[in-house]
Amino acid sequence: MQQASPAETRKRAAQPTSTQQYCAESDLSDGPTATIKAEMKARLTGDLMEQVCERQNLMAAYDRVMKNKGAAGVDGMVVSEFKSHLKRHWPLMKEKLLAGTYIPQPIRQVEIPKPQGGVRMLGIPTLTDRLIQQAMHQVLSPIFEETFSDASYGYRKGKSAQQAVQAAKSYIADGRPVVVDIDLEQFFDHMNHNVLMERIVKKVRDKRMLKLIRR
């Protein structure tokens, strides 16, 4: 093997490693956002549940749950009672979340009539569990968002059905005159949760989070 010259050795030593390069790029205006940097940190340390329980994240989740309102879960609690309930019980719930011992309450099942006939089963979690689910969603979404197709418009922040229609119109204008609408009937009733969890495990290392998602 040919030995590198002193000049080449100094040049190689001066080149940043991939980690150093990422850190340097993080300071640029067009570098990774704070959310992405938090995601990278979470992947390395597995501290996702701590992020779920951060005050700022919980306040955003609380505002979303209160805005959505909705029916009560199996405990019968309505939104007007929720704030006082959290003041009394949140410290213990947070302790259980961080310890990985929190167990969600049962889901209240309600039958919703379909316009074309039949009924659709709707599961209504308690307000407490809706708060925790929303707080988890806010932490997990940035991690999985990067894996989604740019052509996917369903249930994504900043995406809408109107945008999907505009995209279809642009495809037609480009000479592709056929749009195929596919609806997987009762998909979420029959999807394989074991396969879903296998996909999640590839991205999420916090065992407490994985255990709670399974529950």
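In what follows, the structure referred to is the one given above.
All figures in this text were calculated on a predicted structure; none of them were measured in a lab.

Colleague: I'd love a proper account of the overall build of the protein, names of residues and values included.
Modeller: The number of helices and strands found in the protein is 11 helices and two strands. When the elements of the protein are put in sequence order from the N terminus, they spell out α-α-α-α-α-α-β-β-α-α-α-α-α. Long-range pairs, those at least 24 residues apart, make up 62% of the contacts in the protein with a sequence separation of at least 6. For the protein, the exposed surface amounts to about 16,100 Å²; the carbon and sulfur share of it is 55%.

Colleague: Quick rundown of the pattern of salt bridges? Include the residues and the values.
Modeller: Inspection of the entire model under this criterion finds five salt bridges. Of the charged contacts in the structure, one is a salt bridge between Arg208 and Glu50, with a shortest N-O distance of 2.6 Å. With Arg208 in helix α11 (residues 207–214) and Glu50 in helix α4 (residues 48–52), the pair connects residues that are 158 residues apart, well separated along the chain. According to the relative accessible area criterion, Arg208 is buried, its value standing at 18%. In this structure, Arg156 and Glu145 form a salt bridge, with 2.4 Å as the shortest nitrogen-oxygen distance. In this pair, Arg156 is assigned in the loop between α7 (127–145) and α8 (161–173) and Glu145 in helix α7, connecting sequence segments 11 residues apart.

Colleague: Go over a nonpolar patch on the surface, please, and point to the residues and values.
Modeller: On the surface, a cluster of nonpolar side chains totalling about 710 Å² of accessible area is made up of Val178, Val180, Ile182, Leu184, Phe187 and Phe188. Residue placement: Leu184 occurs in the loop between α8 and α9 (187–190).

Colleague: Describe the side chain of Arg156, and please don't skip the residues or the numbers.
Modeller: Residue classification places Arg156 among the buried residues on the basis of a relative accessible area of 10%. Within the structure, Arg156 has its side chain in polar contact with the side chain of Glu145 (distance 2.4 Å). One polar contact links the side chain of Arg156 to the main-chain carbonyl oxygen of Ser149, over a distance of 2.7 Å. Aside from chain neighbours lying at most four places away, what touches Arg156 is Glu145, Phe148 and Ser149.

Colleague: Tell me what's going on with the packing of aromatic side chains, and back it up with residues and numbers.
Modeller: Per the counting criterion, the structure on display carries one aromatic pair. Where Tyr62 meets Phe82, the ring centres are 6.0 Å apart and the plane angle is 20°; that geometry is what we call stacked. Of this pair, Tyr62 sits in helix α5 (residues 55–68) while Phe82 sits in helix α6 (residues 79–99), placing them 20 residues apart in sequence. Like Tyr62, the residue Phe82 is buried in the burial classification.

Colleague: Hey, could you go over the side chain of Arg130 for me, with residue numbers and the actual values?
Modeller: Counting through the fold element by element, Arg130 comes out in helix α7. Buried charge without a partner: Arg130 forms no salt bridge, and the closest opposite charge is Asp75, 7.4 Å away. Each residue touching Arg130, except ones within four places of it in the same chain, is listed here: Val65, Lys69, Gly70, Ala71, Ile124 and Pro125.

Colleague: Can you explain the packing of α7 against α11? Please cite residues and give values.
Modeller: Between α7 and α11, the least distance of the axes is 12 Å, while the angle of their chain directions is 130°. With respect to their mutual orientation, α7 and α11 come out oblique. Crossing of α7 against α11: the hand is left-handed. Contacts between α7 and α11 involve Ile132, Met136 and Leu140 from the former and Met209, Leu212 and Ile213 from the latter.

Colleague: Explain the nonpolar core residue by residue, including any values.
Modeller: One finds Phe82, Leu97, Val204 and Met209 to be the most contacted residues of the largest nonpolar core, which totals 30 residues. Elements with a minimum of two residues in this core: α4, α5, α6, α7, α10 (193–201) and α11. At nine residues, α7 tops the list of elements feeding residues into this core. In this structure, Phe82 is in contact with Tyr62, Val65, Met66, Met77, Leu127, Thr128 and Leu131, ignoring residues within four places of it in sequence.

Conventions we followed
Residues numbered from 1 in each chain as written. Predicted model: local features only at pLDDT ≥ 70, side-chain atom pairs only at ≥ 80, totals over all residues. Heavy atoms only, no water. Helix = DSSP H or I, 4+ residues; strand = E, 2+ residues; numbered from the N terminus. Contact = heavy atoms within 4.5 Å. Areas by Shrake-Rupley, 256 points an atom, 1.4 Å probe, with all protein chains shown as cover. Salt bridge = Lys/Arg side-chain N within 4 Å of Asp/Glu carboxyl O. Buried < 20%, exposed > 50% of the residue type's maximum accessible area, 1.4 Å probe, protein only. Patch = residues over 30% accessible without salt bridge, like charges linked within 9 Å, V, L, I, M, F, W, Y side chains within 5 Å. Polar contact = N/O pair within 3.5 Å; in protein donor to acceptor, adjacent residues only side chain to side chain. Phe/Tyr/Trp six-rings, centres within 6.5 Å; stacked < 30°, edge-to-face > 60°. Lys, Arg positive; Asp, Glu negative; His and termini not counted. Axes fitted to C-alpha atoms, helices over the stretch in contact; angles between N-to-C directions. Parallel < 35°, antiparallel > 145°, perpendicular 65-115°, else oblique. Left-handed = near helix turned anticlockwise from the far one by under 90°. Core = buried A, V, L, I, M, F, W, Y, C linked by side-chain atoms within 4.5 Å.

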